[in-house]
Amino acid sequence: MKNIAIFASGTGTNAENIIKYFSTKNSARVILVLSNKSHAPVLERAAKFNIETGFFDRHQFYDTEEVVNLLLKKKTDLIVLAGFLWLVPDNILTLFRGRILNIHPALLPSYGGKGMYGDRVHKAVIAAGEEESGITVHYVNEVYDSGDIIFQARCKVYPDDDIHSLAERVHSLEYEHYPAVIERFVGEM
Ligand code: GAR
């Protein structure tokens with residue numbers, strides 16, 4: 001049984017989906033959900049499933065060993081980012097190199113990088129007149145959205161799409177695929 005820690009900054013629908021998925025599996029379970037925002041809805045969602053939650057500020061994350069120590073204490077095998085907006089610091093990258101995954105709501109390497117998250121991504125995709133978007137699961141390194149790609153899935157962008165309709169289609173792809181990609185990854189650890 002592998003232990004998954006989730007980092008998330010916001011709503012947490014992916015985090016909840018991953019928690020639910022693994023609650024019936026023997027391969028892995030979510031043991032910790034951490035956020036950089038003390039009032040992020042993701043923390044309430046996780047608490048409902050009796051999962052330990054916590055938050056950290058910039059100082060704790062970048063200048064101390066607090067988060068690393070907590071991850072070690074919880075015997076974390078894998079870190080999953082689900083709508084997490086900060087770069088992961090070196091101490092965590094070093095310890096968990098190759099064991100940190102992120103999901104991005106577009107087909108990287110397009111529409112990634114600093115400041116490209118959530119609805120901003122969908123807005124840029126629509127503004128560029130793309131006929132296709134999708135999701136990318138990739139390894140996390142020290143540069144936003146630039147780690148090796150593990151998995152992509154595609155969806156159409158229709159001429160009458162707005163940010164919300166496209167976000168909904170992309171979210172559906174995330175719910176369908178992210179837990180299964182994590183499960184395959186865990187199976188190879
Ligand atoms: C998801 O669509 C995820 O792909 C995206 O944030 C959303 C979080 O939704 N992540 C990024 O944009 C990272 N660059 P959620 O909080 O409902 O899971």
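Okay, so let's go over this structure. (Residues numbered from 1 in each chain as written. Predicted model: local features only at pLDDT ≥ 70, side-chain atom pairs only at ≥ 80, totals over all residues. Heavy atoms only, no water.)

**Some thoughts on helix H4 (residues 66-73)**
The periodicity of an α-helix, 3.6 residues per turn, causes residues three or four places apart in sequence to face the same way.
1) Next: Within H4, burial applies to Val-67, Val-68 and Leu-71. Summarising the axial view, the buried residues of H4 lie within an arc of 100°, below the 170-degree limit, and thus occupy one face.
2) Next: Contacts made by the buried residues of H4 are with strand S1 (2-7), strand S2 (28-35), helix H3 (58-63), strand S4 (78-81) and helix H5 (90-96).
3) Next: Downstream of H4 by one or two residues, Lys-75 has phi in the positive range, about 55°. (Buried < 20%, exposed > 50% of the residue type's maximum accessible area, 1.4 Å probe, protein only. Helix = DSSP H or I, 4+ residues; strand = E, 2+ residues; numbered from the N terminus. Arc of directions from axis to C-beta. Contact = heavy atoms within 4.5 Å.)

**Considerations on the pattern of salt bridges**
1) Next: Under the criterion given, the structure shown has 7 salt bridges.
2) Next: Measuring nitrogen to oxygen at the nearest pair gives 3.2 Å for the salt bridge that ties Lys-20 to Glu-16. Separated by 4 residues within a single helix, Lys-20 and Glu-16 lie in helix H1 (residues 13-22), roughly one turn from each other.
3) Next: Given a relative accessible area of 43%, Lys-20 falls into the partly exposed group.
4) Next: The salt bridge involving Arg-154 is made with Glu-132; its shortest N-O contact spans 2.8 Å. Taken together, the residues span a long stretch of sequence, with Arg-154 in strand S7 (residues 149-156) and Glu-132 in strand S6 (residues 132-139) at a distance of 22 residues.
5) Next: Exposure remark for Glu-132: the relative accessible area of 38% places this residue in the partly exposed category.
6) Next: Sharing partners across several salt bridges, the network here consists of Glu-16, Lys-20 and Arg-45. (Salt bridge = Lys/Arg side-chain N within 4 Å of Asp/Glu carboxyl O.)

**Overview of the sheet that holds S1**
1) Next: Strands sit in the order S3-S2-S1-S4-S5-S6-S7 across an open sheet of 7 strands; the sheet is mixed. Two strands close off the open sheet at either side, each with one partner strand: strand S3 (52-55) and S7. Taking the axes of each pair of neighbouring strands and ignoring which way they run, one obtains an average angle of 20° across the sheet.
2) Next: One ladder, built from 3 bridges, connects S4 with strand S5 (residues 100-104); its direction is parallel. From the neighbouring strand, Ile-79 faces S5, where its bridge partner is Ile-100.
3) Next: Helix-sheet contacts for H1 involve S1, S2 and S4, and the interaxial angle to S2 is about 155°.
4) Next: Helix-sheet contacts for helix H7 (residues 163-187) involve S1, S2, S4, S5, S6 and S7, and the interaxial angle to S7 is about 155°. (Pairing = 2+ DSSP bridges. Axes fitted to C-alpha atoms, helices over the stretch in contact; angles between N-to-C directions.)

**Thoughts on the site of the ligand**
1) Next: In the vicinity of the ligand there are 13 residues, among which Gly-12, Thr-13, Asn-14, Gly-118 and Glu-174 approach most closely.
2) Next: Between the ligand and Thr-13 there is a distance of 2.5 Å, counted from an oxygen atom to a side-chain nitrogen or oxygen.
3) Next: If the ligand stood free it would expose 450 Å²; the protein chains cover 90% of that surface.
4) Next: Under a 2 Å grid-point criterion requiring more than half of the atoms, the pocket assigned to the ligand is the largest pocket.
5) Next: Residue assignment for the shell around the ligand shows that the elements contributing at least two residues are H1, S5 and H7.
6) Next: The residue makeup of the shell around the ligand, split by class, is 4 nonpolar, 8 polar and 1 charged. (Near = heavy atom within 4 Å. Polar contact = N/O pair within 3.5 Å; in protein donor to acceptor, adjacent residues only side chain to side chain. Areas by Shrake-Rupley, 256 points an atom, 1.4 Å probe, with all protein chains shown as cover. 1 Å grid on protein atoms, 1.4 Å probe; cavity = no way out; pocket = protein on both sides within 12 Å on 5 of 7 lines; lining within 4 Å. Sits in = over half its atoms within 2 Å of the grid points. Nonpolar A, V, L, I, M, F, W, Y, C, P; charged D, E, K, R; others polar.)

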